[in-house]
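Residue-level structure breakdown
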Amino acid sequence: MSGLTNEQVVLAPVVSEKSYAGIAERRYTFKVHPEAHKTQIRQAVEQLFDVHVERINLVKVQAKPKRRGLFKGTRPGWKKAIVQVREGETIEIFEGAQV
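An account of the accompanying structure is given in this report. (Residues numbered from 1 in each chain as written. Predicted model: local features only at pLDDT ≥ 70, side-chain atom pairs only at ≥ 80, totals over all residues. Heavy atoms only, no water.)

Some thoughts on the nonpolar core
Among the nonpolar cores identified, the biggest contains 19 residues, and V9, F30, I41, V45, V83 and I91 are the most heavily contacted of them. Elements with a minimum of two residues in this core: β2 (27-32), α3 (38-49), β3 (53-61) and β6 (78-85). (Core = buried A, V, L, I, M, F, W, Y, C linked by side-chain atoms within 4.5 Å. Buried < 20%, exposed > 50% of the residue type's maximum accessible area, 1.4 Å probe, protein only. Helix = DSSP H or I, 4+ residues; strand = E, 2+ residues; numbered from the N terminus.)

Focus on the packing of aromatic side chains
Evaluation of the coordinates by the stated rule reveals one aromatic pair. Aromatic pair F30 and F49: ring centres 5.5 Å apart, planes at 20 degrees, arrangement stacked. Placement of the pair is F30 in strand β2 and F49 in helix α3, with a sequence separation of 19 residues. Classification of F49 by relative accessible area gives partly exposed; the value is 23%. (Phe/Tyr/Trp six-rings, centres within 6.5 Å; stacked < 30°, edge-to-face > 60°.)

Concerning the layout of surface pockets
Taken as a whole, the largest pocket encloses approximately 230 Å³ of empty space. The set of elements that each furnish at least two residues to the lining of the largest pocket consists of α2 (17-21), β2 and β6. A per-class count over the lining of the largest pocket returns three nonpolar, four polar and three charged. (1 Å grid on protein atoms, 1.4 Å probe; cavity = no way out; pocket = protein on both sides within 12 Å on 5 of 7 lines; lining within 4 Å. Points joined across faces, edges and corners; volume = space filled by probe spheres on them. Nonpolar A, V, L, I, M, F, W, Y, C, P; charged D, E, K, R; others polar.)

Spelled out as structure tokens, the structure:
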């Protein structure tokens, strides 16, 4: 699965109260490709946002069953990466928005 580009590895920032609380500790949360591993995520974040990554935690968000009336289905599962950057560095896409 080494054929992924940086834009395919990091899909989107995660917008939630919990993810914005982590910004104070230089932790940024991204939705990533389900088959991407830590090395690919590290390289993608460093190249896309011009920062140095200290650590990465990966979380596999499980699929949830949902129901609307008689119709049953599931929300798809996805992979989340919590990336901590070096002291003094920030990722700008998170700075302007407020939850």
